[in-house]
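Descriptive structure summary
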Amino acid sequence: MTEPTTTDPKAYLSHLELGEPDKTFLDTNELIINMGPQHPATHGVLRVILKLDGEKVLGTECVIGYLHRGVEKIAEHRTYTMFNPYVDRMDYVAAVSNGLGYCEAVEKLLNVEAPPRAKYIRVILTELNRLASHQLWLGTHALDIGAMTPLFYTFRDREEILKIFEKYCGARLTTHAFRIGGCLYETYEGFEDDVKKFLDFAPPKIEEYEELLTTNRIWLDRTKNVGTISAKDCIALGVTGPVLRASGVKWDLRKAQPYAAYSEFDFEIPTGTNGDTYDRYLVRMEEMRQSLRIIRQAVDRIPEGPIMAKVPKVMKPPVGEIYHSIEAPKGELGYFIVSDGSTQPYRIRVRPPSFVNLQALDIMVRGQLVADVIAVIGTLDIVLGEVDR
Amino acid sequence: MVSKLKGRHGTGIREASSYLGQNYMVVESSIITDVLQVLRDQEQFDYCVDVTALHYPNRERQFDVIWILYSFPRNERIRVKTMIADGETLPSSVSIWPTANWLEREVYDMFGIRFDGHPDLKRILLPDGWKGYPLRKDYGIIQQDQEWVQINLGIESGQ
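Each value, and the rule that gives it
- Residues numbered from 1 in each chain as written.
- Chains lettered and ligands numbered in written order.
- Predicted model: local features only at pLDDT ≥ 70, side-chain atom pairs only at ≥ 80, totals over all residues.
- Helix = DSSP H or I, 4+ residues; strand = E, 2+ residues; numbered from the N terminus.
- Rg over C-alpha atoms; globule rule 2.2 N^0.38 Å.
- Buried ≥ 20, exposed ≤ 12 C-beta atoms within 10 Å, placed from the backbone.
- Pairing = 2+ DSSP bridges.
- Contact = placed C-beta atoms within 7 Å.
- Axes fitted to C-alpha atoms, helices over the stretch in contact; angles between N-to-C directions.
- Domains from an automatic or database assignment.
- Nonpolar A, V, L, I, M, F, W, Y, C, P; charged D, E, K, R; others polar.
- Expected span 1.5 Å × (residues − 1).
- Core = buried A, V, L, I, M, F, W, Y, C linked by C-beta atoms within 7 Å.
- pLDDT = per-residue confidence, 0-100.
- Parallel < 35°, antiparallel > 145°, perpendicular 65-115°, else oblique.
- Left-handed = near helix turned anticlockwise from the far one by under 90°.

Secondary structure summary: chain A contains 16 helices and ten strands in total. Relative to the 2.2 N^0.38 estimate, which gives 21 Å for 389 residues, the radius of gyration of chain A is 22 Å and therefore close to what a compact globule would have. With the C-alpha coordinates aligned to their principal axes, the bounding extent of chain A is approximately 75 × 60 × 35 Å. For chain A, buried positions account for 52% of its 389 residues.

Dropping the structure here:
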């Protein structure tokens, strides 16, 4: 008989070198509390054990794995094509990006390249998805901090993107939009008009979000100098995406190692200076505008031609391994695929941005208030489906 | 870079090559810490992208452990690979890149490979009391720790 798994939070924190509580006239005791796994502000099932001195955080420990489905194990028992829809279920608010990364990785392994038209369709849908992901982040993050209105605004506008997805491939969230070698579906009648309509529709809406928050006194108080992280710490902890950029590192895989058709478009990489929650907010707002810029260029220049490269029906990539990564809305999303020459991958390793970024939570919240933990979890923009896989 | 490392370690660098335009090297497990340290300090590989493993049950040294590194100044990637047998341990790379903390924990969780000097080596995705390492090839896809499921969840099967 094994002992039941311990649920005592103290056991988890025993290894941390935690500071002593401040001596005050009240002689407060250290308090260890559980946040989650069922907690609305953890964006899923994340359990954070907090060690507190009054309201000050002395240390944290994340307990994850509640959504573990063994995606990497499943991959070894499916063919390359069969595994394609599974990747959508990791970061389920940015399913299109997941699919793009996976398809491109397998294409590299097979040594095929998607046709130009397919690449453009991929860019348009992926950038729309980045926008949808950032909108969802903004709505929930603001709700956590106490602003309820942005949630309704962002969900209202995100709907327009999901409608385009639905018209394109029939699904709104887990889209399975791309196939290995290109796209399965040609754009529907009126796709370009829909996208263009959205491009005119979105900018004033982003202005609207900014009006609500950017100079809002309460928003500033809750986000300025909260959860600050330096560029050095970001790199040491492997943090990528908007969090890294808000700390002042101008690094985006779309520019650094361009994939799909990104080298053909003109766009900026927004960066911040302080690396606090407010800067991360500004970076993501600007990223939304840059995404619109990319979509506009792509839709204007979309070439004619085939949408699917010649790929064998039974895919047997030659023996070898490949690492391919893309700039997902949350950071670097990588696929490490090992082929043994058969129809099934020998191993697929997913390098999830949320998992690695979540590791930075501890140093971001030490010395801050309990309420800031909520703000920092929100600003890291994690999706537990991807953390736990 | 490779010749510099070879000069330092001689035959410890077993292979340095590239496949589909991606560089990788295979090194002996005894010099892995030193190689990683040199790559970070002298070759500017300042960002550890991923640590992962592979299982080949029919080989004498069953496991490949792989570090995927990236250099911001050079805009380059490299994979460093080493082989170990079941039950052997590897030195932890947490002191070189703090990000390796959770990544090594996941390798331990899924493959049962231990890292010496890791500050807190325990399971990360699976519960603490779980038996078995799911990403080993001899672990079946529907296999699970029945006993753990019965005690902790109070049900016959988690399926």
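On we go from here.
For the rest of this paragraph, the subject is the pairing of strand 8 (residues 320–328) of chain A. Residue and element names in this part refer to chain A. Strand 8 sits mainly inside the fold: eight of its nine residues count as buried. By the bridge criterion, nine bridges tie strand 8 to strand 9 (residues 331–339) in an arrangement that is antiparallel. Across the sheet, Tyr 323 pairs through a bridge with Phe 336, a residue of strand 9. Between strand 8 and strand 9, which pair antiparallel and follow one another directly, the connecting turn spans two residues.

Chain A puts 35 residues into the contact, and the matching count from chain B is 35 residues. Put simply, the parts of the chain that give the side of chain A that touches chain B at least two residues each are helix 2 (71–75), helix 9 (231–236), strand 8, strand 9, strand 10 (347–351) and helix 13 (353–358) of chain A.

Below, the discussion takes up the sheet that holds strand 4 (residues 47–53) of chain A. Residue and element names in this part refer to chain A. Here we have three strands laid out as an open sheet, ordered 1-4-5, and antiparallel in their pairing. Since the sheet does not close on itself, it has two edges, and those belong to strand 1 (30–35) and strand 5 (56–63), each with one partner. Taken pair by pair, the neighbouring strands of this sheet meet at an average axis angle of 20°, ignoring direction. As defined by bridge partners, strand 1 adjoins strand 4 across six bridges and the pair is classed as antiparallel. Note that in strand 4 the partner of Asn 34 across the bridge is Ile 49. Running at roughly 150° to strand 4, helix 15 (residues 370–380) makes contact with strand 4 and strand 5 of the sheet.

Residue and element names in this part refer to chain A. Examined at the domain level, chain A breaks down into domain 1 (9–63) and domain 2 (71–388). When residues in the side of domain 1 that touches domain 2 are grouped by element, the largest group, five residues, is from strand 5. Residue composition of the side of domain 1 that touches domain 2, by class: eight nonpolar, five polar and two charged.

Let's shift gears to the sheet that holds strand 8 of chain A. Residue and element names in this part refer to chain A. Spatial strand order, 8-9-10: three strands in an open sheet with antiparallel pairing. Of all the strands in the sheet, the pair left with one neighbour each is strand 8 and strand 10. Averaged over all pairs of adjacent strands, the angle between their axes in this sheet comes to 15°, without regard to strand direction. Those strands touched by helix 4 (residues 95–110) are strand 8 and strand 9, and its axis lies near 150° from that of strand 8.

Glancing now at helix 6 (residues 149–169) of chain A. Residue and element names in this part refer to chain A. Taking 1.5 Å per residue as the helical rise, helix 6 with its 21 residues ought to reach 30 Å, and the 31 Å between its terminal C-alpha atoms agrees with that figure. Within helix 6, burial applies to Pro 150, Thr 154, Asp 157, Arg 158, Ile 161, Ile 164, Phe 165 and Tyr 168. Those residues of helix 6 that are buried lie in contact with helix 5 (116–145) and helix 7 (191–213). Note on helix 6: the residue one or two positions beyond its end, Gly 170, has a positive phi of about 90°.

Here the focus is the pairing of strand 4 of chain A. All names here are of chain A. Judged by how many residues are buried, strand 4 sits mostly within the fold: five of seven residues are covered. Relative to strand 5, strand 4 runs antiparallel, the two being bridged by seven bridges. Of the residues in strand 5, the one forming a bridge with Leu 50 is Thr 60. Hairpin connection of strand 4 to strand 5: two residues between the antiparallel strands, including Gly 54 at a positive phi of 65°.

To continue, consider the nonpolar core. Grouped together as the largest cluster of nonpolar side chains are 153 residues, with contacts concentrated most on Val 106, Ile 124, Ile 337, Leu 361 and Val 376 of chain A together with Leu 69 of chain B. When residues of this core are assigned to their parent elements, the largest contribution, 14 residues, is made by helix 5 of chain A. Two domains each donate at least three residues to this core, and these are domain 1 (9–63) and domain 2 (71–388) of chain A. Setting aside residues no more than four positions away along its own chain, Ile 337 of chain A makes contact with Ala 105, Val 106, Leu 109, Glu 321, Ile 322, Pro 345 and Ile 348 of chain A.

When pLDDT drops low, the exact placement of atoms in the prediction is not to be read closely. Put simply, chain A has an average pLDDT of 86, and 93% of its residues get 70 or more. In the model of chain A, helix 1 (residues 9–13) of chain A stands out as the element of lowest mean pLDDT, 58, in contrast to strand 9 of chain A, which has the highest, 92.

Right, let's get into the packing of helix 3 (residues 80–87) of chain A against helix 4 of chain A. Residue and element names in this part refer to chain A. Between helix 3 and helix 4, the shortest axis-to-axis distance is 8 Å and the interhelical angle comes to 155°. The orientation of helix 3 with respect to helix 4, classified from their angle, is roughly antiparallel. The crossing of helix 3 and helix 4 is right-handed. Counted together, Tyr 80, Asn 84 and Val 87 of helix 3 and Asn 98, Gly 99, Tyr 102 and Val 106 of helix 4 form the full contact between these two elements. Grouping the amino acids of the contact of helix 3 with helix 4 by side-chain chemistry returns four nonpolar, three polar and no charged.

This part takes up the packing of helix 5 of chain A against helix 6 of chain A. For any two helices packed against each other, one specifies the inter-axial angle together with the distance between the axes. Residues and elements named next belong to chain A. With their axes 8 Å apart at the nearest point, helix 5 and helix 6 run at an angle of 160° to one another. Put simply, helix 5 runs roughly antiparallel to helix 6. Taken as a pair, helix 5 and helix 6 cross one another with a handedness that is left-handed. Counting all contacts with helix 5, which are made through Leu 128, Leu 131, Ala 132, Gln 135, Leu 136, Leu 138, Gly 139, Thr 140, Ala 142 and Leu 143, the residues of helix 6 involved are Pro 150, Leu 151, Thr 154, Phe 155, Asp 157, Arg 158, Ile 161, Leu 162 and Ile 164. Residue classes in the contact of helix 5 with helix 6 are distributed as 13 nonpolar, four polar and two charged.

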